[in-house]
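Commentary on secondary and tertiary structure
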Amino acid sequence: MRIDVYLPLALSLLLAAVAPRVGGRIAPALAARALAAAALLTATATTWALVLLAVTLVGDTREGGGRTVPEPVPESIGIAALLALAVLAYRLLRTLRSETAGRRALRRLCAGHPGDTELIVADSAVPRAFAIPATRRAPGRILVTSAMLAALQPAERRALLAHERAHLTHRHALIATGMALAIAVNPLLAPVGATVSFLAERWADESAAGAVGDRATTARAIARAALVAHRPRPARALGFSDRAVTRRIAALNTAPPPHLRPLAAAVLALGVAPALGAADATGDLLSLLQRVFV
């Protein structure tokens, strides 16, 4: 347990370091899935590792006959882990509240529109376009303002709608929420979250390019939408943004990236390794507690 329990924390740093490089070399759909899955596994493992460290504070470490069972970790580390768990619980609760409030705000934008309508055109001088994720009670929607439609050519409008539809089809909101929760309990994974967010946009770009059959038109739509959408968009909305737009446009002006599945598998292994380390540390702690209490 002395080493295994710290493995998830160390691998969190490694995953954060390799995420940007992986994201630039693999097809965005595959890279986003692999990185998100690895991040969720790592976040779960690091949280459990903190639980294990905190549990070492419980109970007496003396065996019968006056022999002393060695402390698995220093008491100061156990206390630090307990405090860290309290902070992470607060961060997780705050993130859950933010996610819930953001979703409610987006659903209010659909109030008064028929439930079977996918596209909502809002009469507004503010150019916006974003996807509103589906819920158990309502389907996913695409909300576009009249100002955004007026700023685009017909072919570019089709690319924009295809981009937003891809967000809904591939449930990118679920990935975004999962990453937000993972970062809440493991802030070391913030670079992974930024990469996955960018890859979700790239994923939607590639889907849009395939739907309209023209990568150049899709690139122009992204550029024009980013230029006219100069104000912040609603919280938790998924859509066009000016973040890393130049990288997205450059990617569309080249061939689609390859599906390097061995590299994606290696990324997943970075997520599985912390889980295995936490599982091994759990076994060690259970053995130790059995020696103490039995």
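Relevant structure appears above.
This section reports on the structure supplied with the text. (Residues numbered from 1 in each chain as written. Predicted model: local features only at pLDDT ≥ 70, side-chain atom pairs only at ≥ 80, totals over all residues. Heavy atoms only, no water.)

1. Here we look at helix H5 (residues 154-169)
Rules: Segments assigned H or I by DSSP are reported as helices when at least four residues long, segments assigned E as strands when at least two residues long, and all are numbered from the N terminus. One less than the residue count of a helix, multiplied by 1.5 Å, gives the span that helix is expected to have.
With 16 residues, H5 extends 22 Å from end C-alpha to end C-alpha; this agrees with the ideal 22 Å at 1.5 Å per step. A positive phi of about 55° marks Arg 171, the residue just after H5.

2. Looking at the side chain of Thr 95
For clarity, the threshold we go by: Two residues form a contact once any of their heavy atoms are found within 4.5 Å.
Topologically, Thr 95 is positioned in helix H3 (residues 75-108). Beyond its immediate chain neighbours, meaning those up to four positions away, Thr 95 contacts Ala 180, Leu 181 and Ala 184.

3. Overview of the environment of Ala 27
Counted only if it meets this: Whether a residue is buried, partly exposed or exposed follows from its accessible area with a 1.4 Å probe, protein chains only, as a fraction of its type maximum: under 20%, in between, or over 50%, in that order.
Mapped onto the elements, Ala 27 comes out in the loop between helix H1 (7-23) and helix H2 (28-55). Assessed through its relative accessible area of 5%, Ala 27 is described here as buried. Note: C-alpha distance between Ala 27 and Arg 261 (234 residues apart in sequence) is 9.4 Å. In this structure, Ala 27 is in contact with Pro 257, Pro 258 and His 259, ignoring residues within four places of it in sequence.

4. As for the pattern of salt bridges
This is how it is decided: Note on definitions: salt bridges are taken to be side-chain nitrogens of Lys or Arg within 4 Å of carboxyl oxygens of Asp or Glu.
Here the structure, examined in full by the defined rule, presents seven salt bridges. Its salt-bridge partner being Glu 156, residue Arg 224 comes within 2.8 Å of it at the nearest N-O pair. Residue Arg 224 is found in helix H8 (residues 215-228), and its partner Glu 156 is found in helix H5; the two are separated by 68 residues along the sequence. Here Arg 202 ties to Glu 206 by a salt bridge, and the two come within 2.9 Å at their closest N and O atoms.

5. A closer look at the packing of H2 against helix H6 (residues 172-185)
Selection criterion: Axis definition: a line fitted to C-alpha atoms, limited for helices to the stretch in contact. Angles are taken between N-to-C directions and run from 0 to 180 degrees. Between 65 and 115 degrees an angle is taken as roughly perpendicular, under 35 as roughly parallel, over 145 as roughly antiparallel, and anywhere else as oblique. Handedness of a helix crossing follows the sense of rotation of the near helix relative to the far helix, less than a right angle counterclockwise being left-handed and clockwise being right-handed.
Remark: H2 packs on H6, axes separated minimally by 9 Å, with the N-to-C direction vectors making an angle of 30°. The angle between the axes of H2 and H6 places the two elements in the roughly parallel class. Like other packed secondary-structure pairs, H2 and H6 cross with a definite hand, here left-handed. Residues Ala 36, Ala 39, Leu 40, Ala 43 and Thr 47 of H2 form the contact with H6, whose own contacting residues are Ile 175, Gly 178, Met 179, Ala 182 and Val 185.

6. A closer look at the packing of H8 against helix H9 (residues 245-252)
Worth spelling out the cut-off: Under the grouping applied here, Gly and all other residues not named as nonpolar or charged are polar, the nonpolar ones being Ala, Val, Leu, Ile, Met, Phe, Trp, Tyr, Cys and Pro and the charged ones Asp, Glu, Lys and Arg.
Their axes nearest at 9 Å, the elements H8 and H9 cross at an angle of 170°. Considering the angle they form, H8 stands roughly antiparallel to H9. Within the contact between the two elements, H8 uses Arg 215, Thr 218, Ala 219, Ile 222, Ala 223 and Ala 226 and H9 uses Val 245, Arg 248, Ile 249, Ala 251 and Leu 252. Residue classes in the contact of H8 with H9 are distributed as eight nonpolar, one polar and two charged.

7. Some words on H8
This is how the line gets drawn: Distance and chemistry together define a polar contact, namely a pair of N or O atoms within 3.5 Å, with one atom able to donate a hydrogen and the other to accept it when in protein, and with adjacent residues in sequence counting only for side-chain atoms on both sides.
Here H8 contains 14 residues, and its C-alpha end-to-end distance of 20 Å stays within 8% of the 20 Å for a straight helix at 1.5 Å per residue. If you check which residues of H8 are buried, you get Thr 217, Thr 218, Ala 219, Ala 221, Ile 222, Ala 225 and Ala 226. At its buried positions, H8 is contacted by helix H4 (146-151), H5, helix H7 (190-212) and H9. Sitting at the amino-terminal end of H8 is Asp 214, which places a side-chain oxygen 3.0 Å from the backbone nitrogen of Ala 216.

8. Some remarks on the nonpolar core
Stated formally: Working definition of a nonpolar core: buried Ala, Val, Leu, Ile, Met, Phe, Trp, Tyr and Cys residues. They are joined through side-chain atoms within 4.5 Å.
With 27 residues, the main nonpolar core has Leu 15, Leu 35, Leu 189, Val 192 and Val 267 as its most contacted residues. Of all the secondary structure elements, the ones that give two or more residues to this core are H1, H2, H6, H7 and helix H10 (261-293). In terms of residue count, H2 provides more of this core than any other element does, 10 residues in total. Setting aside residues up to four positions removed in sequence, Val 192 forms contacts with Leu 15, Ala 16, Ala 19, Leu 35, Ala 39 and Met 179. Formed by nine residues, the second largest nonpolar core is a distinct cluster that contains Val 144, Met 148, Leu 152 and Leu 160.

9. Description of the environment of Leu 119
Tracing the sequence through the fold places Leu 119 in strand S1 (residues 119-122). The class of Leu 119 is partly exposed, set by a relative accessible area of 35%.

10. So, the pairing of strand S2 (residues 129-132)
Heads up, the rule is: The rule for pairing is simple: two strands pair if DSSP sees at least two bridges between them.
Taking every second residue as pointing to the same face, both faces of S2 are buried, with Ala 129 and Ala 131 on one and Phe 130 and Ile 132 on the other. Where S2 meets strand S3 (residues 141-145), four bridges bridge the pair, whose relative direction is antiparallel. Of the residues in S3, the one forming a bridge with Phe 130 is Leu 143.

11. Details of unusual backbone geometry
A positive phi angle, near 55°, is found at Arg 171, a position not held by glycine. Secondary-structure assignment places Arg 171 in the loop between H5 and H6.

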